[in-house]
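Structural description and commentary
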Amino acid sequence: MVAPLVAVRLRSQLSALRSSPWAMVGYILLALMMLPLFCTLTVGLSYLRFLPDARSSLMLTAGAVLVLVWTFGSVLFFAMDDSVSPQRLVLFPLRSRDLLVPLLVSDLLTLPGIFTLLVCCGFVIGWATDPLLTIAGIASTALGLVTGMLSGRILVTSLSHWLAARRSRDLLYVVLLLGLIAISWGGPLLGRGMFNLDLNQETIALVGDAAGWSPMGWAWTLPARSDLAAGRSGAAALRLALALVLLAAMIWVWSRQLDRALTSPLPGAGGGAPTVSSPWLDRLFPVNPAGAIAARNLRYLRRDPRRFASVLVIMATPFFVVFTNMVRDEKLVPEFLWLVAALATWMGGIGALQDTSLDGSALWLHAVSGIRGFEDRLGRLMANSLIYGGTFAMTMALASTLLGAWGVFPFAFGLGLGALIANQGISLLISSFLNGTAPPPGTNPFASTPKGQGAAFLASVLQMIGSVILLLPVAGMVFASYRFPLLGWLFLPVGPVLGLLAALGLISLGGRRLDRTWPEVLKAVTYEK
């Protein structure tokens, strides 16, 4: 079963990439950007062969981290590709023993799996200083890798039934994003605390010993000589036995989960709570197709947690920069508000870039109802300008309070709001010809395809380039406002007007593109498993 299942997964990924050349380019660029990071990790692990005193502790710590990444990263990464999930194989006469090895092998042939194998080569090279250690290093690396993969599979399968309900999936999505924001805020504090630690040999040994006695580190202790050198052969044998017992227990648990999944398909996530009408939204916009699209986008903001969570992330990102510098005890000058404005502008553009792909196959209604492309882009521009303009105003006001930058606020707000509106025009132009795919509402919010990942990444790169080009004239206006202060007050009303004119020109180009390519855009945003 290994070859057929691997072939199915590879063909699914290749067919998704072949359907969109842009997606293939983006996927390749994503892989190339990740490659230096993993090559650095591999070289660093390999270099530990020249540090025999610290090698065991650092290897055990790195191995435990790898198991943790696979365990919790599986929810985000391997749940994204369900082309060979057990629920899709229920119609075939298969049992768990037929799928245990094939599913693990197919996981290794994904992009995260290939990079993990690259890092595992660093573990093996790091231990390869004599024949016995080489054999032990290969065995421990294989054991640790399988442990991490099994733990990830068990976690994903355990959550699958709970995630069958739409409310559970939406709650998990929002909770995870809020958790990422919390980690981003707490990261500077943790980094500062670790920088102040005296990382001597005793500290490294203590951390390594703690990792080696944790369930995540049992599998990586086989080549470590710390126990044997200290005459603790019993401790070394105990940790190896614990690793094997843990592996056997996980194989048994996942076998039972697979048997249950193959005989009890997930129920449909039908049903839902009644919606609440909001007639006041219709009064915010003109009575025309563009106004109807804008009102619909605002309603989706409340009903779709993906849109709501993206607004939270956009609001939190500029504060992360301010908070990081405050933690470092760096003096924050009022001019730092310009950086906050630039970040908020860029993040607002990213939010508008995702707007078309979040519609998914429902975009067919726009394509067949005679709506012109310009009206589609204009409606999205109005809604996103209202949403992200409001968050931009709150972000700038709070940042001005933290920085004591109210003297700079009028200039920064006017130019920043204009740049935000123009940046959304750039995003709506890009999304008229290049879109990723988003899972439909009510399904796994982390699901994706290679085609969707590549196209979304390339669209983000183009949007970032457009943002940089846009900010060049804005930077000139900033310097001019410092030389001639009256210009700064003039930019307060003129900035949004210039941004609106630029956005209207950009969405007119995107609208004409949409009029010619509605079927292609609809195919690009339709999620296909």
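See the structure shown above.
These remarks concern the structure in this document. Every value quoted in this text rests on a predicted model; they were computed, and no experiment measured them.

Scanning the protein chain from N- to C-terminus turns up 20 helices and zero strands. Residue burial in the protein chain is summarised as follows: out of 529 residues, 48% are buried. Counted over contacts in the protein chain with a minimum sequence separation of 6, partners at least 24 positions apart contribute 84%. Summed over its atoms, the accessible surface of the protein chain is roughly 25400 Å², and 74% of this surface lies on carbon and sulfur atoms.

Right, let's get into the nonpolar core. Residues Leu337, Trp338, Phe392 and Met396 are the most contacted members of the largest nonpolar core, which totals 45 residues. Elements supplying a minimum of two residues to this core: helix 12 (289–303), helix 14 (337–353), helix 17 (373–403), helix 18 (409–430), helix 19 (450–483) and helix 20 (485–525). With 13 residues, helix 18 is the single largest residue contributor to this core. Among residues more than four places away in sequence, those in contact with tryptophan 338 are Val408, Phe411, Ala412, Leu415, Val478 and Tyr482. Counting 42 residues, the second largest nonpolar core, distinct from the first, contains Val67, Trp70, Phe115 and Leu258.

Okay, the packing of helix 18 against helix 20 next. Relative orientation of the contacting elements helix 18 and helix 20 amounts to 5°, with a least axis distance of 7 Å. With respect to helix 20, the element helix 18 is oriented roughly parallel. Tallied by class, the residues present in the contact of helix 18 with helix 20 amount to 21 nonpolar, seven polar and no charged.

With that out of the way, let us pick up the packing of helix 14 against helix 17. Taken N-terminus to C-terminus, the directions of helix 14 and helix 17 make an angle of 160°; their axes are 10 Å apart at the nearest point. Relative to helix 17, the element helix 14 lies roughly antiparallel. The element helix 14 and its partner helix 17 pack so that their crossing is right-handed. Contacts between helix 14 and helix 17 pair Leu337, Val340, Ala341, Ala344, Thr345, Gly348, Gly351 and Ala352 from the former with Asn384, Tyr388, Phe392, Thr395, Met396, Ala399, Ser400 and Leu403 from the latter.

The next subject is the packing of aromatic side chains. Think of a pair of aromatic rings as described by two things: how far the centres are apart, and how the planes are tilted against each other in angle. This structure, assessed with the given rule, holds seven aromatic pairs. Ring centres of phenylalanine 38 and phenylalanine 115 lie 4.7 Å apart, and the angle between their planes is 5°; this geometry places the pair in the stacked category. One end of the pair, phenylalanine 38, is in helix 2 (residues 21–47); the other, phenylalanine 115, is in helix 5 (residues 111–127), and 77 residues separate them in sequence. Taking the relative accessible area as the measure of exposure, phenylalanine 38 reaches 19% and is therefore buried. Taken together, a centroid distance of 5.7 Å and an interplanar angle of 90° make the contact between phenylalanine 411 and tryptophan 489 edge-to-face. Separated by 78 residues along the polypeptide, phenylalanine 411 in helix 18 and tryptophan 489 in helix 20 bring together distant segments of the chain. Chaining the aromatic ring pairs together yields one cluster made of Phe392, Trp406, Phe409 and Phe413. Between arginine 49 and the ring centre of phenylalanine 50, over which it is positioned, the NZ or CZ distance is 5.8 Å. Lying across the ring of tryptophan 213, arginine 239 places its NZ or CZ 4.9 Å from the centre.

For the structure on display, the rule yields seven salt bridges. Aspartate 359 is paired through a salt bridge with arginine 296; the nearest N and O atoms lie 2.9 Å apart. Taken together, the residues span a long stretch of sequence, with aspartate 359 in helix 15 (residues 355–359) and arginine 296 in helix 12 at a distance of 63 residues. Classification of aspartate 359 as buried rests on a relative accessible area of 9%. Sharing partners across several salt bridges, the network here consists of Arg296, Asp355, Asp359, Asp376, Arg377 and Arg380.

This part covers the side chain of asparagine 297. Secondary-structure assignment places asparagine 297 in helix 12. Here asparagine 297 is in contact with Arg307, Asp355, Arg380, Ala383 and Asn384, once residues within four sequence places are set aside.

Glancing now at a nonpolar patch on the surface. There is a patch of nonpolar side chains on the surface, built from Met24, Val25, Ile28, Leu29, Leu32 and Leu35 and spanning about 470 Å² of accessible area. Examined against the element boundaries, valine 25 turns out to sit in helix 2. Classification of valine 25 as partly exposed rests on a relative accessible area of 41%.

Now for helix 20. Every α-helical turn comprises 3.6 residues, leaving residues that sit three or four positions apart pointing alike. With 41 residues, helix 20 should reach 60 Å at 1.5 Å per residue; the first-to-last C-alpha distance of 47 Å falls well below that figure. Of all bends in helix 20, the biggest is about 90°, found at threonine 517, and the proline proline 519 comes one to four residues later.

What follows is about empty space enclosed by the protein. Counted under the stated rule, the structure contains three cavities of 30 Å³ or more. Taken as a whole, the largest cavity encloses approximately 110 Å³ of empty space. What lines the largest cavity is a set of twelve residues, and nearest its centre among them are Arg307, Asp355, Asn384, Ile387 and Tyr388. Of all the secondary structure elements, the ones that give two or more residues to the lining of the largest cavity are helix 12, helix 13 (305–327), helix 15 and helix 17. Classifying every residue of the lining of the largest cavity gives five nonpolar, five polar and two charged.

Cut-off values and rules
- Residues numbered from 1 in each chain as written.
- Predicted model: local features only at pLDDT ≥ 70, side-chain atom pairs only at ≥ 80, totals over all residues.
- Heavy atoms only, no water.
- Helix = DSSP H or I, 4+ residues; strand = E, 2+ residues; numbered from the N terminus.
- Buried < 20%, exposed > 50% of the residue type's maximum accessible area, 1.4 Å probe, protein only.
- Contact = heavy atoms within 4.5 Å.
- Areas by Shrake-Rupley, 256 points an atom, 1.4 Å probe, with all protein chains shown as cover.
- Core = buried A, V, L, I, M, F, W, Y, C linked by side-chain atoms within 4.5 Å.
- Axes fitted to C-alpha atoms, helices over the stretch in contact; angles between N-to-C directions.
- Parallel < 35°, antiparallel > 145°, perpendicular 65-115°, else oblique.
- Nonpolar A, V, L, I, M, F, W, Y, C, P; charged D, E, K, R; others polar.
- Left-handed = near helix turned anticlockwise from the far one by under 90°.
- Phe/Tyr/Trp six-rings, centres within 6.5 Å; stacked < 30°, edge-to-face > 60°.
- Lys NZ or Arg CZ within 6 Å of the ring centre and 35° of its normal.
- Salt bridge = Lys/Arg side-chain N within 4 Å of Asp/Glu carboxyl O.
- Patch = residues over 30% accessible without salt bridge, like charges linked within 9 Å, V, L, I, M, F, W, Y side chains within 5 Å.
- Expected span 1.5 Å × (residues − 1).
- Bend = angle between axes of the 7 residues up to and from the residue.
- 1 Å grid on protein atoms, 1.4 Å probe; cavity = no way out; pocket = protein on both sides within 12 Å on 5 of 7 lines; lining within 4 Å.
- Points joined across faces, edges and corners; volume = space filled by probe spheres on them.

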